[in-house]
Amino acid sequence: MAIIYHIPHVTTVLHVLLLLSPATPPVLAFNITALLSSIPELSSYSSLVSTTISSDLSHRTSLTLLAIPNPYISSSDLLTRRLSSTALADVLRYHVLLQYLSWSDIQKIPSSGVLVTTLFQTTGRATSNYGSVNITRNPSNGVVSIHSPAPYSPSNATVLSLVKTLPYNVTILAVNSLLVPYNSDLVSSESRPPLGLNITKALIDAHNFNVAASMLAASGVVEEFEADEGGAGITLFVPTDTAFADLPTTVRLQSLPADKKAVVLKFHVLHSYYPLGSLESIVNPVQPTLATEAMGAGSFTLNISRVNGSVAIDTGIVQASVTQTVFDQNPVAIFGVSEVLLPREIFGGKGPPVNPKPGSPVMAGAQTPESTPSPENSPGLNGPPSHLSSPPGFGQEITSGAAIAGGLLSL
């Protein structure tokens, strides 16, 4: 009888134990601010985190922090003090990897690198996958480097050591530099040191812009461009050598007087820094150029829009597309473009852009009385203006596309 009474009792106890037992191990709870504050060498970094993004981290259970020790973050003091609170928070989010990486995981990273998403990517303010970091390891010396996946990005850091790890939850790595997300104008111009870029050399090194480099050097305007690297920065659209070779014979660019040639070169430059992502989503499509500043408001403007997945630049008689990024480091962006940008104020014409020959996107329009320069205002171009035919409806499609992408077209 005793056995009969004990069986249901044992079964009940086992049943209760099974109910109380979790199906999976409990998640280790941790307070990242308290964890950082316990490490004196990271006191400055800990203070920044606790006042900006601590709430973002409170519900995270698996991450890797790229922490900057006090001696290294002091050199970035000017940067952190000049950033707005939102911008500073985004910089710090860029140091939070949304993946637990143990030290053994770090040591197994291939030389080709691994792409890891950061907390900044989740904000929606990152362009493409530029809210991620690429982590590489040099097999010869074991050095682990972290940098933006974007080309030409100057922001990078080296892992100094493992500071702390709580298995499967958090790893804290010490790095030697503050990382700034690519394609985000987070730093005010006053805090930015002069870049000192030699534009002519950068074009020659790119191997496809020799004509443009030669013209810039001969005209003397390149010195003006380099002087404008401060402040809001500059964006250059540089025609390829092929673009110069494809110019119609009626466009005598090299025959222009020196002052008009300088205006054409300035017409290829925006007096603001625009990385590619900003050009793709530009709010106001009609942009003044350096030539606008020289010749007067409302003249020598470019219409920038997104057409068929590419950045299109319309002068009124020519439409070009951005073909490559030559250089991009705040405050200077240099993009290769498929055509020489011909301003209608010099080369005449108003109306729908046209294709002069199959396969070439160089476009020019017939002159109209309201856009043709008068004799007293003639730009001095030797030879007749070009009159090239247009496929029916082509200009209307471009105008419509620009209007949809960027708003009202005011050219």
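Residues numbered from 1 in each chain as written. Predicted model: local features only at pLDDT ≥ 70, side-chain atom pairs only at ≥ 80, totals over all residues. Heavy atoms only, no water.

Under the annotation held in an unreviewed UniProt entry, the protein carries the name FAS1 domain-containing protein and is attributed to Carya illinoinensis.

Okay, the overall build of the protein next. Across its full length, the protein carries 17 helices and 14 strands. Looking at the protein residue by residue over its 411 residues, the buried ones come to 46%. Within the protein, residue pairs in contact and separated by at least 24 positions form 64% of the contacts whose partners lie at least 6 positions apart. Surface summary for the protein: the accessible area is close to 19,400 Å², and the carbon and sulfur share equals 57%. (Helix = DSSP H or I, 4+ residues; strand = E, 2+ residues; numbered from the N terminus. Buried < 20%, exposed > 50% of the residue type's maximum accessible area, 1.4 Å probe, protein only. Contact = heavy atoms within 4.5 Å. Areas by Shrake-Rupley, 256 points an atom, 1.4 Å probe, with all protein chains shown as cover.)

Pairing is mixed in the open sheet, where 7 strands are placed in the order S2-S1-S7-S6-S5-S4-S3. Looking at which strands have only one partner, the edges of the open sheet turn out to be strand S2 (96-97) and strand S3 (114-117). Across 3 bridges, strand S5 (residues 144-147) lies against strand S6 (residues 156-166) in antiparallel orientation. For Ser145, the partnering residue across the bridge sits in S6 and is Thr158. (Pairing = 2+ DSSP bridges.)

The next subject is the environment of Asp328. Along the chain, Asp328 turns up in strand S13 (residues 319-329). Along the chain, Asp328 and Tyr182 lie 146 residues apart, while their C-alpha atoms are 9.6 Å from each other.

Scanning all chains against the criterion turns up 4 aromatic pairs. An angle of 50° between the planes, with centres 6.0 Å apart, marks the rings of Tyr100 and Tyr168 as tilted. Here Tyr168 lies in the loop between S6 and strand S7 (170-175) and Tyr100 lies in the loop between S2 and helix H8 (103-107), a separation of 68 residues in the sequence. Between Phe267 and Phe300, the ring centres sit 6.0 Å apart and the planes meet at 75°, which makes this aromatic pair edge-to-face. You can see Phe267 sitting in the loop between helix H13 (258-266) and strand S9 (269-270) and its partner Phe300 sitting in the loop between helix H15 (290-295) and strand S11 (301-307), a full 33 residues away along the chain. This pair shows no difference in class: Phe267 is buried, exactly as Phe300 is. (Phe/Tyr/Trp six-rings, centres within 6.5 Å; stacked < 30°, edge-to-face > 60°.)

Spatially, S9-S8-S14-S13-S12-S11-S10 is the arrangement adopted by the 7 strands of the open sheet, whose pairing is mixed. A single partner strand is all that each edge strand has here, and the edge strands are S9 and strand S10 (286-288). Here strand S8 (residues 234-239) runs beside strand S14 (residues 332-337); their pairing, made up of 6 bridges, is parallel. Counterpart to Phe237 in the pairing with S14 is Phe335.

Quick look at the environment of Phe244 now. Looking at the secondary structure, you find Phe244 in helix H12 (residues 241-245). The exposure class of Phe244 is buried, given its relative accessible area of 15%. As a C-alpha pair, Phe244 and Glu339 span 95 residues in sequence and 7.3 Å in three-dimensional space. In this structure, Phe244 is in contact with Val211, Ala212, Met215, Pro239, Leu253 and Val340, ignoring residues within four places of it in sequence.

Turning our eyes to something else, we now look at the nonpolar core. If you look at the biggest cluster of nonpolar residues, it comprises 56 residues, and the most contacted ones within it are Phe237 and Ile334. The dominant element in this core, judged by the number of residues it contributes, is S14, at 5 residues. Those residues within four positions of Phe237 in sequence are excluded, and the remaining contacts are His268, Leu270, Leu279, Leu302, Ile304, Ile313, Val322, Phe335, Val337 and Leu341. (Core = buried A, V, L, I, M, F, W, Y, C linked by side-chain atoms within 4.5 Å.)

This next bit is on the pattern of salt bridges. Opposite charge on two side chains allows them to pair when their charged atoms are near. Counting across every chain of the model gives 6 salt bridges. Among the salt bridges present, the one from Arg93 reaches Asp56, with a minimum N-O distance of 2.7 Å. With Arg93 in helix H7 (residues 85-93) and Asp56 in helix H4 (residues 54-57), this residue pair connects regions lying 37 residues apart in the sequence. (Salt bridge = Lys/Arg side-chain N within 4 Å of Asp/Glu carboxyl O.)

Before going further, it helps to spend a moment on the packing of helix H3 (residues 43-52) against H7. Axis separation between H3 and H7 bottoms out at 10 Å; the angle between their running directions is 115°. The two elements H3 and H7 cross, and the hand of that crossing is left-handed. Packed against H3, whose contacting residues are Tyr45, Leu48, Val49 and Thr52, the element H7 presents Leu88, Ala89 and Leu92 at the interface. Here the residues of the contact of H3 with H7 are counted per class, giving 6 nonpolar, 1 polar and no charged. (Axes fitted to C-alpha atoms, helices over the stretch in contact; angles between N-to-C directions. Left-handed = near helix turned anticlockwise from the far one by under 90°. Nonpolar A, V, L, I, M, F, W, Y, C, P; charged D, E, K, R; others polar.)

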